[in-house]
Amino acid sequence: MAVTFKNIIPDQDIANTRTLLNEAIPITGTIVSGTYNDENIKNYAHGMFQSVYDYPFLSSSANHIFDISVGYSSDSSLSSSASVQNAKKINMYNQMAQVLVGYDDTGNIRQFDRDGDLSSGTKLKECIFIDFARLLTKDEIQKGTFALTLMTGGAPSAVSHPLVLEDHGANTSYLVNSPVGEYAVLYTSSLAVEGTGVGLLYYQAGIAVLTASVFDGEFGAPDATYDTSSIDAVLTGSEISSSADGLRNRWNNSDFNNTTELNSTIYFCRAMTSEFNYSSNPTYLSQSQIRVKVVETDMPLSYITTVGLYSADNELLAVAKVSEPLKKDPTNELTLRIRLDY
Amino acid sequence: MAFLDNSGDIILDAVLTDAGRERLARGDGSFKITKFSLGDDEINYTLYNTSAATGQKDLQIMQTPILEAFTNNTSLMKSKLISIPRTNLLYLPVILLNQSLGVAKDTTTDSILITVDETTTDNITTGQYLNGYETTSGQILRVDQGLNNNAVAATIDLDTDLVETQYMVEIDNRLGQLATSDGTPSPVSFVDDDSIASYYFSMGTGRNGVTPTPANGYVFENTVTGDGPDQVIAGPRGTYLQFKIKASQNLNSSTYLFTLLGNEFSFLGNTYYYIDTSVRITGATTGYRIDVPLRFIKQQ
């Protein structure tokens, strides 16, 4: 019986695999501030956050890469009715805290904790939030790869003193007591010394939370018309977008690897010695005679260029191509491993 | 010690076809891969030089560049490789349009004409056309299968493993649907995302599962063993497939698709709208496939 299909036996011919794919994501400071004269920065009427694009955002080529916002807790020393956008900054803090830290047993929103031990210790009450777009982080940020270099010294027009924030040791040690998955503490030293953290990095959420105290000198944009004497002055005396401008001004460089979880199914398509040696290609025959044979005893042969995967009702669901024709005759057999990624 | 030859184990990345994506999105379990087939669409076997030295015979074929995969499910796997345990076959059967016992192609348009409404059917003066308006009358479309050469006499039976007992027929569902010789519409197996309807016809199965007769069946054994003007297969014959094509209601009542997909032409003193398409007939056993050109016409 001549046949053109061969059944795939689930137990023998199908294998499932999971692969983690990592890409390096560099974000240089010149993109964040400078190169595009802030045409890649979008501020909104609501004033709750600022969006950063990798190209002027009016262009269809632009990709949204991250958002910046700031906030403080209602019991922060900066919280005052006199502060600009006071309610919005408290709301921003609470929103991020309830999503990233969760609630205590009485239903109150927990505050960000410096070392991740929510039961006690120093709380981060004044924070800068960097929300990376899914385009960059994909499924998650790869642990132990995050580095953010900030210029923490000098005047806004002449920033200096680079400080590198990294998730040291997170590839082997990280925290899991967040409702949004795994996170780690950001440190400025190559040693992950407990109690010296300057922020938190949430891997699956793709959000970095920095304590405002990482900036201990002047802060703000170079052309600022507001008080830039300290970050506290900016947080209380100007809008959220001004604080975002200040962060961008001091953004030197950033690097991390993202992770994409690739689930694959591999179908083993086995062409045995007596299979697939003839073709239904119209050029295969001349007056019904097989072109590749002169006499009956010549071996039949065919050339494989395509593998089609079919449903039970013969509908073509997936297809794979080879890079060059594969010769098939009764003297050989081939196992074509067809990988379908999800 | 030499390295092992691992050329027999090849990893290829597959892409989903549009039909595959559609089934995956449906989420009802209809996306299930159960079988595979191998194709050789790009290969031109006329480049195989049987008189060349060993190792040189397929030099040009092996240099054939391979196209990336299309995602349109009907654009791929047009010619499949066949598994036949025997290696001593010198001839394989083909499928040919029988223009003597079925409708013949119009010589000026090189396609089979199909009328779509009553006016066109009443006024057309050529004898060779399919009545797509009223399928209870008119001619049939017939294809024959077998070895088309004189090397083996037609009196000899075609090997049973080469006889097509099932055919798949594909046609644009927006333009027409298939029917039996007595004009009864045929059940569609499925219509894909590109509106291509697939029909499966098996020997021994007539309409509604009744024992087939020429009026209500599709696939029949070709028992004619002698030469004759009506036979298009010169050698041993297998089966033949016959059906009619009923024009869609859209073509019958509107010119929308004609202006969208077709054009106008003058034919036998009248001006017609027309749409050129084809009906694709594939043998389920040998995978041999022919595209029969069709022209749906509507008088202006």
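None of the values given here were measured: they were computed from a predicted structure. (Residues numbered from 1 in each chain as written. Chains lettered and ligands numbered in written order. Predicted model: local features only at pLDDT ≥ 70, side-chain atom pairs only at ≥ 80, totals over all residues. Heavy atoms only, no water.)

1. Examining the overall build of chain A
No. 1: On a plain count of helices and strands, chain A comes out with six helices and 22 strands.
No. 2: With the principal axes as the frame, chain A shows a C-alpha extent of 95 × 45 × 35 Å.
No. 3: Relative to its full complement of 342 residues, chain A shows a buried share of 50%.
No. 4: In chain A, the proportion of contacts linking residues at least 24 apart, taken out of those at least 6 apart, comes to 60%.
No. 5: If you sum the accessible surface of chain A, you get close to 14400 Å²; carbon and sulfur atoms cover 49% of it.
No. 6: Positive and negative charge centroids in chain A, built from 22 and 39 side chains respectively, lie 8 Å apart. (Helix = DSSP H or I, 4+ residues; strand = E, 2+ residues; numbered from the N terminus. Buried < 20%, exposed > 50% of the residue type's maximum accessible area, 1.4 Å probe, protein only. Contact = heavy atoms within 4.5 Å. Areas by Shrake-Rupley, 256 points an atom, 1.4 Å probe, with all protein chains shown as cover. Lys, Arg positive; Asp, Glu negative; His and termini not counted. Charge placed at Lys NZ, Arg CZ, Asp CG, Glu CD.)

2. Comments concerning the interface of chain B and chain A
Think of interface size as the accessible area that goes away when the parts come together; that is how it is often given.
No. 1: Each partner contributes to the interface: chain B provides 74 residues, whereas chain A provides 74 residues.
No. 2: Summed over both partners, the interface of chain B with chain A buries about 7200 Å², with 59% contributed by carbon and sulfur atoms.
No. 3: Looking only at chain B, the three residues that lose the most surface to chain A are Lys35, Phe36 and Tyr45 of chain B, adding up to 12% of its buried area.
No. 4: Our count for the chain B to chain A interface comes out at five salt bridges.
No. 5: Notably, a salt bridge pairs Arg23 of chain B with Asp313 of chain A, separated by 2.9 Å at the nearest N-O pair.
No. 6: Linking chain B with chain A are 46 residue pairs in polar contact (both at pLDDT 80 or more), by the criterion used here.
No. 7: Counting residues per element, the ones that place at least two in the side of chain B that touches chain A are strand E1 (9-16), helix H1 (18-26), strand E2 (35-39), helix H2 (59-62) and strand E3 (81-82) of chain B.
No. 8: The biggest single contributor to the side of chain B that touches chain A is E1 of chain B, with eight residues.
No. 9: Among the residues forming the side of chain B that touches chain A, the class breakdown is 38 nonpolar, 22 polar and 14 charged.
No. 10: Here strand E17 (residues 278-279) of chain A pairs with E3 of chain B via two bridges, running antiparallel. When the bridges of E3 of chain B are listed, Ser279 of chain A appears paired with Leu81 of chain B. (Buried area = accessible area lost by both parts, 1.4 Å probe. Salt bridge = Lys/Arg side-chain N within 4 Å of Asp/Glu carboxyl O. Polar contact = N/O pair within 3.5 Å; in protein donor to acceptor, adjacent residues only side chain to side chain. Nonpolar A, V, L, I, M, F, W, Y, C, P; charged D, E, K, R; others polar. Pairing = 2+ DSSP bridges.)

3. Brief notes about unusual backbone geometry
No. 1: Backbone geometry at His161 of chain A places phi at a positive 60°, although glycine is not the residue there.
No. 2: Along the chain, the position of His161 of chain A falls in strand E11 (residues 158-166).
No. 3: In this structure, Ser195 of chain B is a non-glycine residue whose phi angle is positive, near 65°.
No. 4: Secondary-structure assignment places Ser195 of chain B in the loop between strand E10 (190-191) and strand E11 (196-202).

4. Things to note about the pattern of salt bridges
Residue and element names in this part refer to chain B.
No. 1: What the rule picks out here adds up to 26 salt bridges over all chains.
No. 2: Linking Glu22 and Arg26 is a salt bridge whose minimum nitrogen-to-oxygen distance equals 2.8 Å. In this pair, Glu22 and Arg26 are both assigned in helix H1, four residues apart and thus about one turn of the helix distant.
No. 3: On the basis of relative accessible area, Arg26 is assigned to the partly exposed category, the value being 44%.

5. Notes on a nonpolar patch on the surface
No. 1: Among the surface-exposed residues, Tyr256, Leu260 and Leu261 of chain B lie close enough to one another that they form a single nonpolar patch of about 310 Å² accessible area.
No. 2: Residue classification places Leu260 of chain B among the partly exposed positions, given a relative accessible area of 49%. (Patch = residues over 30% accessible without salt bridge, like charges linked within 9 Å, V, L, I, M, F, W, Y side chains within 5 Å.)

6. Quick word on the sheet that holds strand E4 (residues 50-53) of chain A
All names here are of chain A.
No. 1: What the eight strands build is an open sheet, ordered E3-E4-E5-E8-E15-E14-E13-E12; its pairing is antiparallel. Taken across any chain shown, the strands that pair with only one partner, and hence form the sheet edges, are strand E3 (41-43) and strand E12 (175-178). Neighbour to neighbour, the strand axes of the sheet diverge by 25° on average, direction disregarded.
No. 2: Across five bridges, the pairing between strand E8 (residues 126-132) and strand E15 (residues 207-211) is antiparallel. Along E15, the bridge assignment pairs Ile130 with Ala208.
No. 3: Contacting strand E5 (64-72), E8, E12, strand E14 (199-202) and E15, helix H3 (residues 86-100) crosses the sheet at an angle of about 110° to E5.
No. 4: Against the sheet, helix H6 (residues 240-249) makes contact with E3, E4, E5 and E8, and its axis sits at roughly 120° relative to E5, the strand it touches most. (Axes fitted to C-alpha atoms, helices over the stretch in contact; angles between N-to-C directions.)

7. A short note on the side chain of Glu164 of chain B
All names here are of chain B.
No. 1: Mapped onto the elements of the fold, Glu164 is located in the loop between strand E7 (141-146) and strand E8 (166-172).
No. 2: Buried charge without a partner: Glu164 forms no salt bridge, and the closest opposite charge is Lys80, 10 Å away.
No. 3: For Glu164, the side chain forms a polar contact with the main-chain nitrogen of Ala284, separated by 3.1 Å.

8. A closer look at the packing of aromatic side chains
No. 1: Applying the stated criterion across every chain, the model contains 25 aromatic pairs over all chains.
No. 2: Look at Tyr284 of chain A and Tyr45 of chain B: their rings are 4.8 Å apart centre to centre, the planes differ by 80°, and that puts the pair in the edge-to-face class. One end of the pair, Tyr284 of chain A, is in the loop between E17 and strand E18 (285-286); the other, Tyr45 of chain B, is in the loop between E2 and H2, on a second chain.
No. 3: Residue classification places Tyr284 of chain A among the buried positions, given a relative accessible area of 0%.
No. 4: Judged by relative accessible area, Tyr45 of chain B falls into the buried class, the value being 0%.
No. 5: A network of ring pairs unites the aromatic residues Phe66, Phe132, Phe146, Trp251 and Phe256 of chain A as a single cluster. (Phe/Tyr/Trp six-rings, centres within 6.5 Å; stacked < 30°, edge-to-face > 60°.)

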